[in-house]
Amino acid sequence: MKTVIQIVLIVAAIILVYFIYQSIERPIEFEKAKDARYKVTVERLKDIRKAQLAFKDVHGHFTADWDSLINFIKTDSLPLVRKIGMLNDSMLEAGLTEEAAIKKGLIIRDTLRVSVLDSLFGPSFQAEKIKMVPVKDTVAEFHLGTNIITTGSGIQVPVFEAKAHNNTILKNLDRQMVINLNDQRRTNGKYPGLRVGSLTETTNNAGNWE
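The notes below deal with the structure included here. (Residues numbered from 1 in each chain as written. Predicted model: local features only at pLDDT ≥ 70, side-chain atom pairs only at ≥ 80, totals over all residues. Heavy atoms only, no water.)

A closer look at the nonpolar core
Okay, so step 1: Residues Ile 48, Ile 73, Ile 169 and Leu 170 are the most contacted members of the largest nonpolar core, which totals 36 residues.
Okay, so step 2: Mapped onto this core, the elements with two or more residues apiece are α1 (2-59), α2 (66-75), α5 (116-121), β4 (156-165), α7 (175-187) and β5 (193-197).
Okay, so step 3: For this core, the leading source of residues is α1, giving eight residues. (Core = buried A, V, L, I, M, F, W, Y, C linked by side-chain atoms within 4.5 Å. Buried < 20%, exposed > 50% of the residue type's maximum accessible area, 1.4 Å probe, protein only. Helix = DSSP H or I, 4+ residues; strand = E, 2+ residues; numbered from the N terminus.)

Here it is in structure tokens:
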């Protein structure tokens, strides 16, 4: 009888230790996995922001179309002003302006075109992947959108937004912990995921991780 009771107590103790271990380790393992996925997702969102800002510099607006953004990265170019020399004291004393000095060939100012791909990302960058959430075993695109926000002073500000929900970024991780994280974000009035830019407010194209 004592042997049976001892076995029951040992099993109960093992189960208790297991649940205590799980209660400690589960959150730690979840945070490690979450941080790793957030890190690569943030880097991808930074690439999207870089591409959108360059697109706006060239075309005057952001784009909500992935094909347009990817094609821009692969085939378009950016203006680069080459500056050689500058106005010195003797030129200024002679009454030369920069325009006059350029005409005389004393200084050089001209505009070159440089590849978007090479100048912003490097030749090995795979532009087609910029739209994909970089999570293993997950095939999902970031949500991309654009808008025009009118400020209180009547100024119209073009904005863009790229985002991915935690349910996508943290797919196949501890479901309850993902739910808890999403609820916590919503309670604090925050988007339950990662986002750069905003369609409803002017954020200077900041990411919500910054």
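Quick look at the pairing of β4
Okay, so step 1: Judged from the eight bridges that link them, strand β3 (residues 143-150) and β4 form a sheet pairing that is antiparallel. Residue pairing for β4: Leu 144 is matched across the bridge by Ala 162.
Okay, so step 2: In textbook terms, the turn of a hairpin is the stretch between consecutive antiparallel strands, and for β3 and β4 this stretch comprises five residues, one of which, Gly 154, has a positive phi near 90°.
Okay, so step 3: Note: β4 against β5, five bridges, orientation antiparallel. Bridging from a neighbouring strand, Lys 163 pairs with Arg 195 of β5. (Pairing = 2+ DSSP bridges.)

Focus on the pattern of salt bridges
Okay, so step 1: The full count for this structure, using the stated rule, is 10 salt bridges.
Okay, so step 2: For the salt bridge of Asp 174 with Arg 26, the shortest nitrogen-to-oxygen distance reads 2.7 Å. One end of the pair, Asp 174, is in the loop between α6 (166-169) and α7; the other, Arg 26, is in helix α1, with 148 residues separating them in the sequence.
Okay, so step 3: Using a relative accessible area of 24% as the deciding quantity, one classes Asp 174 as partly exposed.
Okay, so step 4: The partly exposed category is assigned to Arg 26, whose relative accessible area is 32%.
Okay, so step 5: Across the pair Glu 141 and Lys 131 runs a salt bridge whose closest N-O atoms are separated by 3.5 Å. (Salt bridge = Lys/Arg side-chain N within 4 Å of Asp/Glu carboxyl O.)

These values are about where atoms sit, not about what they do.
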